[in-house]
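Chain residues, written in single-letter form:
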Amino acid sequence: GKTRFGNQTRARGTSGATIVGSRTTASGNSGATSIGSRTTATGNHGATSLRSQTTASGDGGATSLGSETTASGNWGATSLGSFTTASGTTSIAMGQAINVSGTNSVGIGLDTTARTLTQNNTMAIMGGNVGIGTISPTANLQVAQGTSGAGTITVTATGTTVTGTGTQFTNT
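Q: Hey, could you go over the overall build of the protein for me, with residue numbers and the actual values?
A: If you tally the helices and strands in the protein, you get zero helices and 21 strands. A buried classification covers 29% of the 172 residues belonging to the protein. Long-range contacts, defined here as pairs at least 24 residues apart, represent 2% of the contacts in the protein between residues at least 6 apart. Total accessible area on the protein is roughly 9000 Å²; 50% of this is exposed by carbon and sulfur atoms.

Q: Describe the environment of Val 100, listing the residues and the values that go with them.
A: Examined against the element boundaries, Val 100 turns out to sit in strand β14 (residues 98-100). C-alpha of Val 100 to C-alpha of Leu 117: the two residues are 17 residues apart in sequence and 4.8 Å apart in space. Dropping the residues within four chain positions of it, Val 100 is found in contact with Thr 85, Ala 86, Ser 87, Gly 88, Ser 91, Ile 92, Ala 93, Ser 105, Val 106, Gly 107 and Leu 117.

Q: Report on the side chain of Ser 49, specifying residues and quantitative values.
A: With respect to the secondary-structure elements, Ser 49 resides in strand β7 (residues 48-52). A polar contact is formed between the side chain of Ser 49 and the backbone oxygen of Thr 40, at a distance of 3.4 Å. Engagement of the side chain of Ser 49 in a polar contact is seen with the side chain of Thr 54, the distance being 2.5 Å.

Q: Explain the sheet that holds strand β8 (residues 55-56) to me, and be specific about the residues and the numbers.
A: Taken in spatial order, the eight strands of this open sheet run β2-β4-β6-β8-β10-β12-β14-β16, and their pairing is parallel. Strand pairing shows two members of the sheet lacking a second neighbour, β2 (10-11) and β16 (115-117), which therefore form its edges.

Q: A description of the pairing of strand β1 (residues 3-7) should follow, citing residues and the corresponding values.
A: On a regular strand, each side chain points to the face opposite its neighbour's, so the side chains alternate between the two faces of the sheet. With respect to burial, β1 is a largely exposed element, only zero of its five residues being buried. Bridging between β1 and strand β3 (residues 18-22) involves five bridges; their strand directions are parallel. Its bridge partner being in β3, Thr 3 is matched across the sheet by Thr 18.

Q: If you had to explain the sheet that holds strand β11 (residues 78-82) to someone new, which residues and values would you point to?
A: Ordered by their spatial adjacency, nine strands build an open sheet running β1-β3-β5-β7-β9-β11-β13-β15-β17, and the pairing between neighbours is parallel. Looking along the sheet, the strands with just one partner apiece sit at the ends: β1 and β17 (123-126). Put simply, the sheet's adjacent strands are angled 5 degrees from each other on average, direction ignored. As paired elements, strand β5 (residues 33-37) and β7 share five bridges and run parallel to each other. Residue pairing for β7: Ile 35 is matched across the bridge by Leu 50.

Q: Describe the pattern of salt bridges, with residues and values.
A: The full count for this structure, using the stated rule, is one salt bridge. Across the pair Arg 115 and Asp 111 runs a salt bridge, and its minimum N-O distance is 2.8 Å.

Q: How would you explain the pairing of β5 if you had to name every residue and give the values?
A: Across five bridges, β3 lies against β5 in parallel orientation. Bridge pairing links Ile 19 to Ser 34 in β5.

Q: Describe the nonpolar core, with residues and values.
A: Counting ten residues, the largest nonpolar core consists of Ala 11, Ala 17, Ile 19, Ala 26, Ala 32, Ala 41, Ala 47, Ala 56, Ala 62 and Ala 71. Contact partners of Ala 47, with chain neighbours within four places excluded, come to Gly 31, Ala 32, Thr 33, Ala 41, Ala 56, Gly 58, Gly 61 and Ala 62. Counting seven residues, the second largest nonpolar core, distinct from the first, contains Ala 77, Ala 86, Leu 117 and Ala 124.

Q: Go over the environment of Asp 59 with me, naming the residues and quoting the values.
A: Counting through the fold element by element, Asp 59 comes out in the loop between β8 and β9 (63-67). When the C-alpha positions of Asp 59 and Gly 76 are compared, they lie 7.8 Å apart, and in sequence the two are 17 residues distant. Non-local contacts of Asp 59, meaning those with residues more than four positions away in its chain, are made with Gly 43, Asn 44, Gly 73, Asn 74, Trp 75 and Gly 76. At 2.7 Å, the side chain of Asp 59 and the backbone nitrogen of Asn 44 are in polar contact.

Basis of the calculations
- Counting starts from 1 at the beginning of each chain's written sequence and moves along it residue by residue.
- Only residues with pLDDT of at least 70 are given local features in this predicted model, and only at 80 or more are side-chain atom pairs given and counted; all residues enter the totals for whole chains, interfaces and linings.
- Calculated side-chain values reflect all of the structure's heavy atoms, with hydrogen atoms and water omitted.
- A run of H or I in DSSP becomes a helix once it reaches four residues, and a run of E becomes a strand once it reaches two; helices and strands are each numbered from the N terminus.
- The classification of residues rests on relative accessible area computed with a 1.4 Å probe and restricted to protein chains. Under 20% of the type maximum is buried, over 50% is exposed, and intermediate values are partly exposed.
- The contact definition used throughout considers only heavy atoms, calling two residues in contact when any of these lie within 4.5 Å.
- Using a 1.4 Å probe, the Shrake-Rupley method yields the accessible areas, and only the shown protein chains count as cover for residues.
- Polar contacts, as counted here, are pairs of nitrogen or oxygen atoms within 3.5 Å of one another; within protein the pair requires one atom able to donate a hydrogen and one able to accept it, and residues that are adjacent in sequence qualify only if both atoms are side-chain atoms.
- Any two strands with at least two DSSP-identified bridges between them are counted as paired.
- Fitted lines through C-alpha atoms serve as axes, helices being fitted only where they are in contact, and the angles separating the N-to-C directions of these axes extend from 0 to 180 degrees.
- One speaks of a salt bridge when a side-chain nitrogen belonging to Lys or Arg is within 4 Å of a carboxyl oxygen belonging to Asp or Glu.
- Here, the term nonpolar core denotes a set of buried Ala, Val, Leu, Ile, Met, Phe, Trp, Tyr and Cys residues that are joined through side-chain atoms within 4.5 Å.

Put into structure tokens, the structure is as follows:
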């Protein structure tokens, strides 16, 4: 079963290549799906490419969503956002302008600066502030927690020191 709808679309492969849109291609086997404008799904076993100028070429469920994204890693590599690439096996690239080539790694780009995460088994949040317990962080990492615990956090002009066993952050 090959299914295609739209202008300049190509459905190749076996066992369910599906495409919808304009200038789209689904040529992977076993469920390749390409939907949108200038999207390509060439990976096998569930490769999915959605929206605009996206490519899912990895095998085993590579998924690419957004604008100018690529998921070329295998076994669930996922790229979403804008100008992102997930080329590592089971890697995830999300946000903007981040390339994740490390295996089992997650990269989140929060600005337009291009960055590449090559280290395996790593999560990196780049280009903005991160809040835990707050939706309006004013620092690189801001933690707001209603409960207290053992430990001490000291922030100085030269760096941060965290001490204690089972250190937790507290509101002060």
